[in-house]
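Coordinate inspection notes
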Amino acid sequence: MFREPTENDGSKMYTLVKKTKVLDLNSPYSYLMWAKYFNKTSIIAEIDDELVGFISGFIQPHSPHTLFVWQVAVDKSQRGKGLATNLLVNLLKQLEDKNIHYLEATVTPSNLPSRNLFTGLANKLETNCKVKECFSAEQFPDSTHEPEFTYRIGPLK
Ligand SMILES: CC(C)(COP(=O)(O)OP(=O)(O)OC[C@H]1O[C@@H](n2cnc3c(N)ncnc32)[C@H](O)[C@@H]1OP(=O)(O)O)[C@@H](O)C(=O)NCCC(=O)NCCS
């Protein structure tokens, strides 16, 4: 059910993000690229060969023990069942040999499910979740964009 993505999953990842109507939709190319070159730090969930959720992530270039979670998306039909939490837990398992000490993600203030996802993960892993502003609203070209707050979870070991 959980596995690393391949380049053949990129277009399905794009379509799932488009369907959420909440996440920033990046170019189709970026999802193909992520699935092909950032597969080790990303994960997908499938049910009956259908992609129902994914996380795209990377290890921060200047902080090799910090996993940055870029996007998390779960198909509407599967929400509220713990799937996003399981994706995060399984991604950390996938990276067991990389000594990941912290997981970071940015969240907009209005995204309650996402805030609960990351604070809930910290509770389940019995660790801290520190929140601070990452990007202010003014830093975005589009003046309607909310600020993004970093949720830093850890230490994980
Ligand atoms: C955010 C999202 C990935 C959560 O996926 P999910 O599989 O439903 O999440 P889970 O079932 O693992 O729930 C995680 C936590 O969030 C809470 N939660 C889930 N949906 C919620 C909702 N609609 N409102 C409030 N809390 C919610 C759960 O109760 C759980 O909390 P707990 O750990 O304290 O019990 C999903 O709603 C989604 O894809 N949303 C659109 C895209 C998005 O906003 N992505 C996140 C930005 S990075």
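Residue numbers here run from 1 along each chain, matching the order of that chain's written sequence. Restriction of local features to residues with pLDDT of at least 70 applies here, the model being predicted, together with a cutoff of 80 or more for giving and counting side-chain atom pairs; totals for whole chains, interfaces and linings are based on all residues. Just so you know, side-chain values use all the structure's heavy atoms and leave hydrogens and water out.

1. Considerations on the sheet that holds strand S2 (residues 43–47)
Counted only if it meets this: Pairs of strands are assigned from DSSP output, requiring at least two bridges between the strands. Strands are runs of DSSP state E lasting at least two residues, helices are runs of H or I lasting at least four, and both sets are numbered from the N terminus onward.
Read across the open sheet, the seven strands follow the order S1-S2-S3-S4-S5-S7-S6; overall the sheet is mixed. One side of each edge strand has no neighbouring strand; the edge strands of this open sheet are strand S1 (2–3) and strand S6 (128–135). Alignment of strand S4 (residues 66–74) against strand S5 (residues 102–107), held across four bridges, turns out to be parallel. By the bridge assignment for S5, Leu-67 is matched with Leu-103.

2. Brief notes about the packing of helix H3 (residues 83–94) against helix H4 (residues 112–124)
Note the cut-off: Every angle, taken between N-to-C directions, lies between 0 and 180 degrees, and every axis is a line fitted to C-alpha atoms, over only the stretch in contact when it is a helix. In these notes the angle categories are as follows: under 35 degrees is roughly parallel, over 145 is roughly antiparallel, 65 to 115 is roughly perpendicular, and the rest is oblique. Handedness of a crossing is defined here by the sense of rotation of the near helix relative to the far one, left-handed for an anticlockwise turn of less than a right angle and right-handed for a clockwise turn. Any pair of residues with heavy atoms lying within 4.5 Å of one another is described as a contacting pair. Each residue is assigned to one class: nonpolar for Ala, Val, Leu, Ile, Met, Phe, Trp, Tyr, Cys and Pro, charged for Asp, Glu, Lys and Arg, and polar for all the others, Gly among them.
Two elements in contact, H3 and H4, have axes separated by 10 Å at closest approach and are oriented at 55°. Accordingly, the angle class assigned to the pair H3 and H4 is oblique. When the axes of H3 and H4 are compared, the crossing they make is right-handed. Two secondary-structure elements touch here, H3 through Ala-84, Thr-85, Leu-88 and Val-89 and H4 through Leu-117, Phe-118, Leu-121 and Lys-124. Residues belonging to the contact of H3 with H4 are distributed by class as follows: six nonpolar, one polar and one charged.

3. Section: H3
Going by this rule: Here, expected helix span is obtained from the residue count minus one, scaled by 1.5 Å. Exposure is judged per residue with a 1.4 Å probe applied to protein chains only, and the accessible area is read against the type maximum: over 50% gives exposed, under 20% gives buried, and values in between give partly exposed.
Between the first and last C-alpha of H3 there are 16 Å, a value that for 12 residues agrees with the 16 Å anticipated at 1.5 Å per step. Along H3, the residues classified as buried are Leu-83, Ala-84, Thr-85, Leu-87, Leu-88, Leu-91 and Leu-92. Looking at the buried positions of H3, the neighbouring elements they touch are S1, S2, strand S3 (50–59), S4, S5 and H4.

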